[in-house]
2 protein chains.
Amino acid sequence: MLNFIDGGVCAAQGFRAAGVHAGVKTHAEWKKDVALIVSDVDCTAAAVFTKNVVKAAPIHVDLRHLADGKARAVIANSGNANACAPQGEENAERMCSAVAQALGCKPEDVLVSSTGVIGQRINVEAIETAIPTLCAALERSAEASDAAGHAIMTTDTTKKEAAVETTVGGKPVRMGGIAKGSGMIHPNMGTMLCFLTTDCAISPEMIKTALLETVSVSFNRISVDGDTSTNDTCCVLANGLAGNEPITAKGPDYDAFLSALRALCTELAKKMASDGEGARHLITCTVQGAKSEKSAETISKSVVSSTLTKAAIFGADANWGRVLCAMGYSGEDFDPDQVSVHFASAAGDIQVCAKGRGLDFDEDLAKKVLTEHDVEINISMGEGEASCTCWGCDITYDYIKINGDYRT
Amino acid sequence: MLNFIDGGVCAAQGFRAAGVHAGVKTHAEWKKDVALIVSDVDCTAAAVFTKNVVKAAPIHVDLRHLADGKARAVIANSGNANACAPQGEENAERMCSAVAQALGCKPEDVLVSSTGVIGQRINVEAIETAIPTLCAALERSAEASDAAGHAIMTTDTTKKEAAVETTVGGKPVRMGGIAKGSGMIHPNMGTMLCFLTTDCAISPEMIKTALLETVSVSFNRISVDGDTSTNDTCCVLANGLAGNEPITAKGPDYDAFLSALRALCTELAKKMASDGEGARHLITCTVQGAKSEKSAETISKSVVSSTLTKAAIFGADANWGRVLCAMGYSGEDFDPDQVSVHFASAAGDIQVCAKGRGLDFDEDLAKKVLTEHDVEINISMGEGEASCTCWGCDITYDYIKINGDYRT
């Protein structure tokens, strides 16, 4: 039993949040730019960070603070990435210390994330000044999650938030999160941040394992993946207040937890994928009949990352040739003459390619299918039993005036 | 001695060209869509093709026709890629046969290329019908090269053409070419075609070697590279009319030929790189002090392919953090604390980053530097002696309203 629920990062018991305007960017006079997430009790915690060689200062600080697998709070700001910046780690530590002092915990129990411009000193004084207001605003509510979710947005056009409820060891367990990031044109669109909270009782080792397993099949399967920013961070705090027997090894409880975490992160990843500037479509590409899951993933990701495919979907143009082209340059070897392609949505399902050759199809129906918000590209490889689904969005920029009508 | 000259693909002795409207796309009523390049005598010939797993029919045909290392003519059309299309190879062979019949040569001496929509049967009848007109229009002139250059354009906004003159074995040797393709946003922007002609006398083995060496340091160093279309082709025909002692091995003559071919292809590659839709800048990124040329190339290519760097250059925003970020996700390992970055152009040279940290710099001068059409990003790695230059363009789409001003 797994249900999506309200409450975002405050859905789980014992988690409060807040988001306020601190003035990290002097000319952004109103935007909320600092978020705080706090657990009433100590949490086991884990995080995955960017693979970029150039890592922002907060990541180096978090790696130290997570050495014991525990945390109480997360502070995050938008407006400045605190990467390649003077006094980077010193200022990231100051943010943690200010929160620790206000909450009465150790600085090492606080995690810190930043997103925004690279190379400029972060206005840590503005953040320190805002800490009392931020702490005063802390509450466990949908509104508080909303405020925190807004505070971490940069170029995002929508707030990303989700929460789920499941059962672990007979106890109801909740988990939720907020995220920022955009699956636009391509990879290097900016930082991805994701903060997850749960009241599940789980050991530091198992939560780390679960997070790694989940990220690889959710956030790593949207078209933002690949090129990673200096600040990308996904962390999870688990405070154990659900009262379940703590998960310390793989087994049914772990599987239940993992399923819920995967559902939560997939939902957040899809929200990122569909948040291109002006994007009108969420594209779900499923590759079936592949020789391995890895092969299916590589091909699927290549399709949802293809600028020309994105442009075709924007133009509701059933230009499956672009799909085959993107498959072909994915780096995977396969027999094009075994490939079939369907476009599908709530409006219908239409096969456009069989055995690598175009089919005559109803162009009017294809237009209807591709006009829906949620569009599927379903590919059969005819090679094996493995499958994988990845997500992306269309592009709506001017240049699709050239490409969106290219086929007809 | 190496000079750029006029004449494009007709610059070398004994080469004629033409471009006419055949009606490959029924609704494009005026656009030239078929090009023909013919040598008066047999040529040695070589070509490199797409690495895409899905290869267009003309490529399979060309591979057979090039088995003997000889060719007389190239026919190319825009409007239909003849990829994943019914009767693909049969129709590509028909194009070669029609040309061969008109010219009085063997079909195997004709090469064929196509670019355009994938998956639809090519209107080979329209092309066959146009062959007499096309042959009647053949001439050795700048106008003929121009017509052929226009006939292969698809989404290109400008025709790409260049020619050079050098000395090989004491004889003046000319080579020229036409190309199509665009270095816009990214890789999968469409097909790259390039047809090169030279009157140099050179063996099939050595011309193949020279072409491979050249493509890897020219067309493979613009941001279009990486993802390749189903049709990408670069071929060269050498008819020997310059009267030089034929090049049959490496040595001074080969080196002279190679230098000229590299200059020619680099010029054509730069024209592709700067032909993004509405692109206002050619970006030249040079990485110096790298541990290897391969490392420098990977880093440089990552920078010119970075959407956020492209957006910053469009906005004349000296946002070097995006340069470091793109370097960091290139896949190369390096020490960010050793990196320095300069922006340069005809308006000046300004250092923005030293030892991985931002410098205070004159924002007004930086703006001036980045407002020029040709902009350089010069990076020092502080690791070794190797260097590499790659080329790209800015992006001018709406979404840079978000990103172009992000830093300030």
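Along each chain, residue indices are assigned from 1 in the same order as the chain's sequence is written. Lettering of chains starts at A and numbering of ligands starts at 1, both following the order in which they are written. Only residues with pLDDT of 70 or above have their local features reported here, since the model is predicted, and side-chain atom pairs are shown and tallied only from 80 upward, although totals for entire chains, interfaces and linings are computed over all residues. With hydrogens and water set aside, each side-chain value is computed from the structure's full complement of heavy atoms.

### Structural notes on the sheet that holds strand S10 (residues 282-290) of chain A
All names here are of chain A. Read across the open sheet, the six strands follow the order S13-S12-S11-S14-S10-S15; overall the sheet is mixed. The open sheet has two free edges, formed respectively by strand S13 (357-358) and strand S15 (386-393), since each of these has just one partner strand. Bridge count for strand S11 (residues 340-345) against strand S14 (residues 374-380) is five bridges, and the pairing is antiparallel. Bridge pairing in S14 links alanine 344 to glutamate 376. Residue contacts are defined here by distance: any two heavy atoms, one from each residue, within 4.5 Å place the two residues in contact. Here the axes come from fitting lines to C-alpha atoms, over the contacting stretch only for helices, and the angles between their N-to-C directions go from 0 to 180 degrees. Secondary structure elements follow DSSP: runs of H or I of four or more residues count as helices, runs of E of two or more count as strands, with numbering from the N terminus. On top of the sheet, helix H7 (residues 293-305) reaches S10, S14 and S15; it is set at about 20° to S15, its chief contact. The rule for pairing is simple: two strands pair if DSSP sees at least two bridges between them.

### Some points on the pattern of salt bridges
Side chains that differ in sign of charge can pair as their charged atoms come close. By definition, a salt bridge exists where a carboxyl oxygen of Asp or Glu is found within 4 Å of a side-chain nitrogen of Lys or Arg. Per the stated rule, a full pass over the model turns up 36 salt bridges over all chains. A salt bridge links glutamate 293 of chain A to arginine 221 of chain A; the nearest nitrogen and oxygen atoms lie 2.8 Å apart. Residue glutamate 293 of chain A is located in helix H7, and its partner arginine 221 of chain A is located in the loop between helix H5 (204-217) and strand S9 (233-238); the two are separated by 72 residues in the primary sequence. Buried residues are those whose accessible area, probed at 1.4 Å on protein chains only, stays under 20% of the maximum for their type, while exposed residues exceed 50% and partly exposed ones sit between those limits. Using a relative accessible area of 4% as the deciding quantity, one classes arginine 221 of chain A as buried. Measuring nitrogen to oxygen at the nearest pair gives 3.2 Å for the salt bridge that ties lysine 250 of chain B to glutamate 213 of chain B. Placement of the pair is lysine 250 of chain B in the loop between strand S9 (233-238) and helix H6 (252-273) and glutamate 213 of chain B in helix H5 (residues 204-217), with a sequence separation of 37 residues. Where salt bridges share partners, they join Arg221, Glu293, Lys294, Glu297 and Lys301 of chain A into one cluster.

### A closer look at the state of the cysteines
Here a disulfide denotes a covalent bond joining the sulfur atom of one cysteine to the sulfur atom of another. All names here are of chain B. For the purposes of this analysis, a disulfide is any pair of cysteine sulfur atoms at a distance within 2.5 Å. Under the criterion given, the structure shown has zero disulfides over all chains. Left without a disulfide partner, cysteine 96 is nearest to the cysteine sulfur of cysteine 105, which lies 9.3 Å away. Free cysteine cysteine 200: the closest other cysteine sulfur is in cysteine 43, separated by 12 Å. Take cysteine 200: its relative accessible area is 0%, and that puts it in the buried class.

### Quick word on the packing of H7 of chain A against helix H9 (residues 320-328) of chain A
All names here are of chain A. Where H7 meets H9, the closest approach of the two axes is 8 Å, and the angle between their N-to-C directions is 130°. One element, H7, and the other, H9, form an angle in the oblique class. Here H7 and H9 pass one another in a crossing that is right-handed. Taking contact as the criterion, the partners of Ile299, Ser302 and Val303 in H7 are, on H9, Val323, Ala326 and Met327. By the convention adopted, Pro, Cys, Tyr, Trp, Phe, Met, Ile, Leu, Val and Ala count as nonpolar, Lys, Arg, Asp and Glu as charged, and the other residues, Gly among them, as polar. Classifying every residue of the contact of H7 with H9 gives five nonpolar, one polar and no charged. Oblique is the label for any angle not covered by the other classes, which are roughly parallel (under 35 degrees), roughly antiparallel (over 145) and roughly perpendicular (65 to 115). Note on convention: the crossing is left-handed when the near helix lies turned anticlockwise from the far helix by less than a right angle, right-handed when the turn is clockwise.

### Things to note about a negative patch on the surface
Residue and element names in this part refer to chain A. Patches here: salt-bridge-free residues with over 30% relative accessible area, like charges joined within 9 Å, nonpolar side chains (Val, Leu, Ile, Met, Phe, Trp, Tyr) joined within 5 Å. Each accessible area is a Shrake-Rupley result for a 1.4 Å probe, and residues are judged covered by the shown protein chains and nothing else. Counted as positive: Lys and Arg. Counted as negative: Asp and Glu, with His and the chain ends omitted from the count. Taken as the charge location is NZ of Lys, CZ of Arg, CG of Asp or CD of Glu. On the surface, Asp349, Glu372, Asp374 and Glu376 cluster together into a patch of negative charge. Within the secondary structure, glutamate 376 sits in strand S14. Classification of glutamate 376 as partly exposed rests on a relative accessible area of 35%.

### Thoughts on the sheet that holds strand S14 (residues 374-380) of chain B
Residues and elements named next belong to chain B. Read from one edge to the other, the open sheet built from six strands follows the order S13-S12-S11-S14-S10-S15, with strand pairing classed as mixed. Here the strands that pair on one side only, and so sit at the sheet edges, are strand S13 (357-358) and strand S15 (386-393). Set on the sheet, helix H7 (residues 293-305) makes contact with strand S10 (282-290), S14 and S15; between it and S15 the angle comes to about 20°. In this fold helix H10 (residues 363-371) packs onto strand S11 (340-345), strand S12 (348-354) and S14, with an angle of close to 60° to the strand it touches most, S11.

### Describing the environment of alanine 56 of chain A
All names here are of chain A. Checked against the element boundaries, alanine 56 lands in the loop between strand S3 (34-49) and helix H1 (57-65). The spatial distance from the C-alpha of alanine 56 to the C-alpha of glycine 119 is 9.7 Å, given a sequence separation of 63 residues. Each residue touching alanine 56, except ones within four places of it in the same chain, is listed here: Ala81, Asn82, Ala83, Thr230 and Asn231.

### Overview of the environment of lysine 368 of chain B
All names here are of chain B. Position of lysine 368 relative to the elements: it lies in helix H10. Sequence separation of lysine 368 and leucine 212 is 156 residues, and the distance between their C-alpha atoms is 39 Å. The contacts of lysine 368, once residues within four sequence positions are left out, are Ser345 and Ala347.

Nothing here speaks to function; it is all geometry.
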